[in-house]
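This is what each chain is made of:
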Amino acid sequence: MLKRNQNSANLKAGYLFPEIARRRREFATSHPEARLISLGVGNTTEPLPPHICAGLARGATMLGAAESYSGYMDEGLPALRKRINAVFYDNKHAIDEIFISDGAKCDIGRLQLLFGSDVHVAVQDPSYPVYVDGSVLVGAAGGATANGYAGISYLPCTAENDYFPDLSKIESNSLIYFCSPNNPTGAAATKAQLQSLVAAALKTGSLIIFDAAYSEYIRDRALPKTIFDIEGADSCALEVNSFSKSAGFTGVRLGWTVVPKKLKFAGGESVNADWSRVMSTIFNGASNIAQSGGLAALSDTGLKEIKALTDFYLGNAALIRGALEKLNISCVGGDNSPYIWAHFPKQDSWSMFERILEKCHVVTTPGSGFGPAGESFIRFSAFGRRSDVEEACVRLADFKAPK
Ligand code: PLP
């Protein structure tokens, strides 16, 4: 018999969302009369808008004709890479710095292969669980401790620091995961904050994996939508992004990663060249159908549809935040992000999760699942049907948070 990979054994109990699903099932079984509403996971709910959907259908039709058939497309459809460069980056990148993928999460997992098990990892605390769990899987996290992993620097993001970490805690030569607008806190970093992040990375010889999966939710024009708006970022950062939360492609699967050629390892080797090698070795390109949908999404009409879709979810977010604030629960997020981060001082996150489930029949996400600094917070997701969100807000109106 083969021995289990010790890195898998080091993963802490159940990934957060399966655990929520398990508790939800258990509650539903013992309360068959309850109509549960989920404001828990970040899964999109609205149908694809017509122009974007037609782009996907066109992609499928093209595969059925000899003149337009296509097979493997390696780093991605050139037209899509060009359009991403134009729409998101003002054409500042070379086309071979943009790699099309099957989504941001998949790229985050693969990116770890670039740095191996010796790298020191720093994460915002709380953060999207894949940064930590992906590090554990490649053996870069060190041993498990009561609150996390010994080899990872957790950079607390709390009300006291306006949900932006103390950058002086970043060790030399760290791999820094940074997400803005943030999942789960909903906080979007300002230009000055991102300038200080880039300065800290340059000073410590660190590399930033910037996760911009929610950039299309930014409405405040002063907030940067990409790390590459910051001078110097192309020497210390790469960026992952996705069509999931903007165009509703959670089930279609399409994303991209920008790896500037200026980005180098300690020995001067090109990070871009290694990423190209990793991608061509263990990935065979995103679906051509999805890429046709992506092109439609980035056309002028598609971008209007993305704006309407993200406006819709932001409308949900405003309703949820309004309902919580009526209860005097202090919240951040929901304005430039689809997540609302609600504070229940001195309360345990999983107990609050259970209490909201029991009293309101609403499924949320306990903040502690995103890292130690998430304790006593609950994340409310704005991804839901409008009627469900309205009903959830009515039920929340009667909620009494324990003092
Ligand atoms: N990055 C963040 C911060 C996310 O919250 C998510 C999904 O919830 C992803 C990436 C995953 O994106 P994709 O669907 O492109 O894999």
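Residues numbered from 1 in each chain as written. Predicted model: local features only at pLDDT ≥ 70, side-chain atom pairs only at ≥ 80, totals over all residues. Heavy atoms only, no water.

Enquirer: What exactly am I supposed to notice about the layout of surface pockets here?
Expert: Of the voids in this model, the second largest pocket is the one considered here, and its volume is about 460 Å³. Surrounding the second largest pocket, 21 residues form its lining, G42, K105, Y128, Y214 and K245 being those nearest its centre. For the lining of the second largest pocket, the secondary structure elements donating two or more residues are α5 (104-111) and α8 (244-247). The class makeup of the residues in the lining of the second largest pocket is ten nonpolar, six polar and five charged. Counting contributing residues, the lining of the second largest pocket receives three or more from each of domain 1 (10-47 + 302-396) and domain 2 (51-299). (1 Å grid on protein atoms, 1.4 Å probe; cavity = no way out; pocket = protein on both sides within 12 Å on 5 of 7 lines; lining within 4 Å. Points joined across faces, edges and corners; volume = space filled by probe spheres on them. Helix = DSSP H or I, 4+ residues; strand = E, 2+ residues; numbered from the N terminus. Nonpolar A, V, L, I, M, F, W, Y, C, P; charged D, E, K, R; others polar. Domains from an automatic or database assignment.)

Enquirer: Is there a simple way to explain the domain arrangement of the chain in this structure?
Expert: As assigned here, the chain comprises domain 1 (10-47 + 302-396) and domain 2 (51-299). A separation of 24 Å is found between the C-alpha centroids of domain 1 and domain 2. Counting from both sides, the interface comprises 35 residues of domain 1 and, opposite them, 48 residues of domain 2. Summing the contributions of domain 1 and of domain 2, the shared interface buries around 3,300 Å²; its carbon and sulfur component is 61%. The interface formed by domain 1 and domain 2 includes one salt bridge. The shortest N-O distance in the salt bridge between D311 and R219 comes to 3.0 Å. (Contact = heavy atoms within 4.5 Å. Buried area = accessible area lost by both parts, 1.4 Å probe. Salt bridge = Lys/Arg side-chain N within 4 Å of Asp/Glu carboxyl O.)

Enquirer: Help me understand the sheet that holds strand β13 (residues 377-381) in this model?
Expert: The strands making up a sheet associate through backbone hydrogen bonding, with each pair oriented either parallel or antiparallel. Spatially, four strands are ordered β9-β10-β13-β12 in an open sheet, and the strand pairing comes out antiparallel. Every other strand in the sheet has two partners, leaving β9 (330-333) and β12 (365-366) as the edge strands with one partner each. The sheet contact formed by β12 and β13 spans two bridges and is antiparallel. Each bridged residue has a counterpart across the sheet, and for P366 the counterpart in β13 is I378. (Pairing = 2+ DSSP bridges.)

Enquirer: For this particular structure, what's the right way to read the nonpolar core?
Expert: The nonpolar side chains of a soluble globular protein tend to be buried with one another. Counting residues in each nonpolar core, the largest one holds 43 residues, and the members touching the most others are I84, L197, I208, I227, F243 and W256. Where this core is concerned, the elements lending two or more residues are α3 (50-63), α4 (78-89), β2 (98-101), β5 (174-179), α7 (191-204), β6 (207-211), β8 (255-258) and α10 (288-297). A total of five residues in this core trace back to one element, the largest contributor, which is α7. Beyond its immediate chain neighbours, meaning those up to four positions away, F243 contacts L80, I84, G248, F249, L254, G255, W256, G294, A297 and L298. L16, C157, L357 and L396 belong to the second-largest nonpolar core, a separate cluster that totals 39 residues. (Core = buried A, V, L, I, M, F, W, Y, C linked by side-chain atoms within 4.5 Å. Buried < 20%, exposed > 50% of the residue type's maximum accessible area, 1.4 Å probe, protein only.)

Enquirer: Could you clarify how one ought to interpret empty space enclosed by the protein in this entry?
Expert: Sizing a probe to match a water molecule and rolling it over the atoms shows the empty space that remains. Enumeration according to the criterion identifies one cavity of 30 Å³ or more in this entry. Volume-wise, the largest cavity comes out at about 60 Å³. Of the residues belonging to the lining of the largest cavity, the class tally is six nonpolar, four polar and one charged.

Enquirer: Help me out: how do you make sense of the sheet that holds strand β7 (residues 237-242) in this one?
Expert: One open sheet holds the seven strands; their spatial order is β2-β8-β7-β6-β5-β3-β4, and the pairing between them is mixed. Every interior strand has two partners, whereas the edge strands, β2 and β4 (152-156), have only one. Going from strand to strand, the sheet's axes swing by 20 degrees on average, the running direction of each strand aside. Pairing analysis gives four bridges linking strand β3 (residues 120-125) to β5, with the strands arranged parallel. Considered in β5, the bridge of A122 is made with I176. Of the strands in this sheet, β2, β7 and β8 are in contact with α4, which crosses β2 at around 110 degrees. (Axes fitted to C-alpha atoms, helices over the stretch in contact; angles between N-to-C directions.)

Enquirer: Is there a simple way to explain the packing of α3 against α10 in this structure?
Expert: What describes two packed helices is the angle between their axes and the distance between those same axes. Where α3 meets α10, the axes come as close as 7 Å, and the angle between the chain directions of the two elements is 145 degrees. Taken as a pair, α3 and α10 cross one another with a handedness that is right-handed. Contact with α3, carried on its side by H51, I52, G55, L56, R58, G59, A60 and L63, involves N288, I289, A290, S292, G293, A296 and A297 of α10 and no other residues of that element. Looking at the contact of α3 with α10 residue by residue, the classes come out as eight nonpolar, six polar and one charged. (Left-handed = near helix turned anticlockwise from the far one by under 90°.)

Enquirer: Help me understand α4, please; the structure alone is not making it clear to me.
Expert: Helical geometry: 3.6 residues make up each α-helical turn, so side chains three or four residues apart lie on a common side. Given a rise of 1.5 Å per residue, twelve residues ought to cover 16 Å, and the 16 Å separating the end C-alpha atoms of α4 matches this to within 8%. Of all the residues in α4, the buried ones are L80, R81, I84, N85, F88 and Y89. Buried residues in α4, looked at end-on, bunch into an arc of 140 degrees, giving them a common side. Residues of α4 that are buried make contact with β2, β7, β8 and α10. Positive phi shows up at D90, right after α4, with a value of about 55 degrees. (Expected span 1.5 Å × (residues − 1). Arc of directions from axis to C-beta.)

Enquirer: Could you clarify how one ought to interpret the site of the ligand in this entry?
Expert: Surveying the vicinity of the ligand reveals 14 residues, the closest of which are D211, Y214, S242, S244 and K245. The contact in question runs from an oxygen atom of the ligand to an N or O atom on the side chain of R253, over 2.7 Å. When the ligand sits alone it has 400 Å² of accessible area, and the protein chains cover 91% of it. When atoms are counted within 2 Å of each cavity's grid points, the one that captures over half of the ligand is the second largest pocket. Of all the secondary-structure elements, those providing two or more residues to the shell around the ligand are α5 and α8. In terms of residue class, the shell around the ligand is made up of six nonpolar, four polar and four charged. (Near = heavy atom within 4 Å. Polar contact = N/O pair within 3.5 Å; in protein donor to acceptor, adjacent residues only side chain to side chain. Areas by Shrake-Rupley, 256 points an atom, 1.4 Å probe, with all protein chains shown as cover. Sits in = over half its atoms within 2 Å of the grid points.)

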